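Descriptive structure summary
So you can see what is in the structure, the chains are spelled out below.
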Amino acid sequence: MDSGQDLAKKLICNGHNLVLTGQGGTGKTYTIKSCFEQLTLLGKCVQLTCYTGIACRQYPSSIGATTLHRFCGLEDGRHNNNDLLNLISFDERFINTKCRITKTDVLIIDEVSMVSKKIFEQVEFICRKIKNPALYFGGIQVVLSGDFFQLPPIRDELYGDFGHYCFESNFFIYLFPHRINLSKIYRQSETSLSNAVSELEKGEPSEETNQFIKSLNRDIEIPDGEPVVKLFSRNLDVDFFNCDKLETLNEYPLHCFPSKDEGDHF
Ligand SMILES: Nc1ncnc2c1ncn2[C@@H]1O[C@H](COP(=O)(O)OP(=O)(O)OP(=O)(O)O)[C@@H](O)[C@H]1O
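The structure displayed is predicted, hence computed values, not measured ones.

1. Considerations on the packing of aromatic side chains
Each aromatic ring pair is summarised here by two numbers: the centre-to-centre distance and the angle between the ring planes. The tally for this structure, following the rule as stated, stands at eleven aromatic pairs. Taking the centre distance of 5.7 Å and the plane angle of 25° together, the rings of Phe120 and Phe171 count as stacked. Of this pair, Phe120 sits in helix 7 (residues 117–131) while Phe171 sits in the loop between strand 5 (141–146) and helix 8 (172–175), and the two are 51 residues apart along the sequence. Ring plane angle 35° and centroid distance 4.9 Å describe the contact between Phe172 and Phe176, whose orientation is recorded as tilted. Considered together, Phe172 and Phe176 belong to a single accessibility category, that of buried residues. Site record: aromatic cluster; members linked through ring pairs are Phe120, Tyr136, Phe137, Phe171, Phe172, Tyr174 and Phe176.

Printed below as a string of structure tokens:
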């Protein structure tokens, strides 16, 4: 571990709240995994959560990472604080949520840049009311990990979420006096690329970065009829494209494969 990672681990394993940030590839996940192991050895009940299900998969199944929404029973964000508290306190469908929160000593929230102020404050409220009303987060130690230059919170105005960052919350500074930004990039050694990413995410590309990007400009030759991967930023465009492609396959019979998902409701 480098000195930043080592300091982060020491703070976390000594019971401090921490915000761990750093560009992609600086070893945030690596550090969190190591802390998880150490905290578990110390007999702590650690809940590792991510904003998305996909990010949960980067952790081994033995860690049992879940989404933050699942951890706290947030469902799709429709409940206000008191309604959600009532559900978790008295509705038997939320019994697992209540048990999870009650037994948690340490809550790790990965991909924290995507957690909105509204979600952050709702998780704090629920943990406090369920576990210990006298303490923020009910006394649960909280570790936040992520890169605020990556994906921001998603607005959901229907349910009163205006997409503010969690650090805009009034009690954020008070709760997280310790913040470590990891800076050594392990994932790749091409410095021109990592410098470019670092400068572009701040919106301040240097002359070298501009030159580097220009040097990548080239015509891409795609041989006729070769399949190429298309990327779209909206599901609607994906659906249109896929429909179009499916229609060109009409010489093949169309099969439907019905499926039924089963499992815990929450
Ligand atoms: N101290 C270290 N020594 C050796 N390898 C390391 C160290 N720290 C991180 N790595 C390796 O570097 C790679 C990137 O680390 P990791 O995935 O933890 O970065 P990250 O900051 O979580 O990235 P992202 O934000 O993209 O998720 C991994 O293969 C990891 O094993």
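2. Quick look at the site of the ligand
The local shell around the ligand holds 13 residues, among which Gln5, Gly25, Lys28, Thr29 and Tyr30 are the closest. In this structure, Lys28 approaches the ligand through a side-chain N or O atom, which is 2.8 Å from an oxygen atom. For the ligand, whose accessible area on its own is 640 Å², the fraction buried by protein is 68%.

3. Here's the deal with the packing of helix 9 (residues 191–201) against helix 10 (residues 207–215)
Where helix 9 meets helix 10, the axes come as close as 10 Å, and the angle between the chain directions of the two elements is 115°. The handedness of the crossing between helix 9 and helix 10 comes out as left-handed. Along the contact surface, helix 9 presents Ser192, Leu193, Asn195, Ala196, Glu199 and Leu200, while helix 10 presents Thr209, Phe212 and Ile213. Taken together, the residues of the contact of helix 9 with helix 10 sort by class into five nonpolar, three polar and one charged.

4. Focus: the sheet that holds strand 6 (residues 179–182)
The six strands lie next to each other as 3-2-4-5-1-6, forming an open sheet whose pairing is parallel. Whereas interior strands pair on both sides, the edge strands pair on one side only; in this sheet they are strand 3 (66–67) and strand 6. Alignment of strand 2 (residues 46–50) against strand 3, held across two bridges, turns out to be parallel. For Cys50, the partnering residue across the bridge sits in strand 3 and is Thr67. Relative to strand 6, helix 1 (residues 3–13) is tilted by about 150°, and along the sheet it contacts strand 1 (18–22), strand 5 and strand 6.

5. Topic: the domain arrangement of the chain
With domains assigned, the chain is organised as domain 1 (3–182) and domain 2 (187–217). Placing a centre on the C-alpha atoms of domain 1 and another on those of domain 2 gives a separation of 32 Å. With five residues of domain 1 at the interface, the matching set in domain 2 holds six residues. Here domain 1 and domain 2 share an interface that buries about 470 Å² over both sides, 50% of which is from carbon and sulfur atoms. Three residues stand out in domain 1 for area buried against domain 2, namely Gln23, Gly25 and Phe149, and they jointly supply 92% of the buried area on that side.

6. Here we look at the environment of Leu7
By secondary structure assignment, the location of Leu7 is in helix 1. The exposure class of Leu7 is partly exposed, given its relative accessible area of 45%.

So, how was this worked out
Residues numbered from 1 in each chain as written. Predicted model: local features only at pLDDT ≥ 70, side-chain atom pairs only at ≥ 80, totals over all residues. Heavy atoms only, no water. Phe/Tyr/Trp six-rings, centres within 6.5 Å; stacked < 30°, edge-to-face > 60°. Helix = DSSP H or I, 4+ residues; strand = E, 2+ residues; numbered from the N terminus. Buried < 20%, exposed > 50% of the residue type's maximum accessible area, 1.4 Å probe, protein only. Near = heavy atom within 4 Å. Polar contact = N/O pair within 3.5 Å; in protein donor to acceptor, adjacent residues only side chain to side chain. Areas by Shrake-Rupley, 256 points an atom, 1.4 Å probe, with all protein chains shown as cover. Axes fitted to C-alpha atoms, helices over the stretch in contact; angles between N-to-C directions. Left-handed = near helix turned anticlockwise from the far one by under 90°. Contact = heavy atoms within 4.5 Å. Nonpolar A, V, L, I, M, F, W, Y, C, P; charged D, E, K, R; others polar. Pairing = 2+ DSSP bridges. Domains from an automatic or database assignment. Buried area = accessible area lost by both parts, 1.4 Å probe.

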